[in-house]
Amino acid sequence: MTAGASLAIALAALSGCASDRRGTGDSPVANHKGDNAPADVTNFPDHYANIATKCVAGAPGYRAFVTTRDAAPVILPDPGCKG
């Protein structure tokens, strides 16, 4: 539980780092390592935030949820995420 909370805080702190001039691109990844697989996206009607989710790379048992609104990612336990 502590690892999940720490990971959530770290992701929230880093979520403001964007790599393009509009500020909407991905944050840079050291040595270009990481999970580049696409996220599962749920599209909602206009005026509602879409949701993207995927297992957290390097943190087995946790899933990240993000939206298209200004909100920090949410990390929740998910036994289906094998890491």
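Computed from a predicted model, the values in this text were never measured in an experiment.

Colleague: Help me understand the confidence of the model for the protein, please; the structure alone is not making it clear to me.
Modeller: Parts of the model with low pLDDT should not have their predicted coordinates read in detail. Confidence in the prediction of the protein, expressed as mean pLDDT, is 78, and 64% of residues score 70 or more. Taken element by element, the protein is modelled with least confidence in helix H1 (residues 2-14), mean pLDDT 57, and with most confidence in strand E4 (residues 74-77), mean pLDDT 96.

Colleague: Help me understand the pattern of salt bridges in this model?
Modeller: A side chain with one charge may pair with a side chain of the opposite charge, provided their charged atoms come close. In this structure the tally under the stated criterion is 1 salt bridge. For Arg63, the salt bridge is made with Asp78, and the minimal N-O distance between the two is 2.6 Å. Separated by 15 residues along the polypeptide, Arg63 in strand E3 (residues 62-67) and Asp78 in the segment after E4 bring together distant segments of the chain.

Colleague: Teacher, can you tell me more about the pairing of E4 here?
Modeller: Note on strand geometry: in a regular strand, side chains alternate between the two faces of the sheet. The pairing of E3 with E4 spans 4 bridges and is classified as antiparallel. Note that in E4 the partner of Phe65 across the bridge is Val74. Taking the residues that link successive antiparallel strands as the turn, the E3-E4 hairpin has 6 residues.

Parameters and conventions
- Residues numbered from 1 in each chain as written.
- Predicted model: local features only at pLDDT ≥ 70, side-chain atom pairs only at ≥ 80, totals over all residues.
- Heavy atoms only, no water.
- pLDDT = per-residue confidence, 0-100.
- Helix = DSSP H or I, 4+ residues; strand = E, 2+ residues; numbered from the N terminus.
- Salt bridge = Lys/Arg side-chain N within 4 Å of Asp/Glu carboxyl O.
- Pairing = 2+ DSSP bridges.

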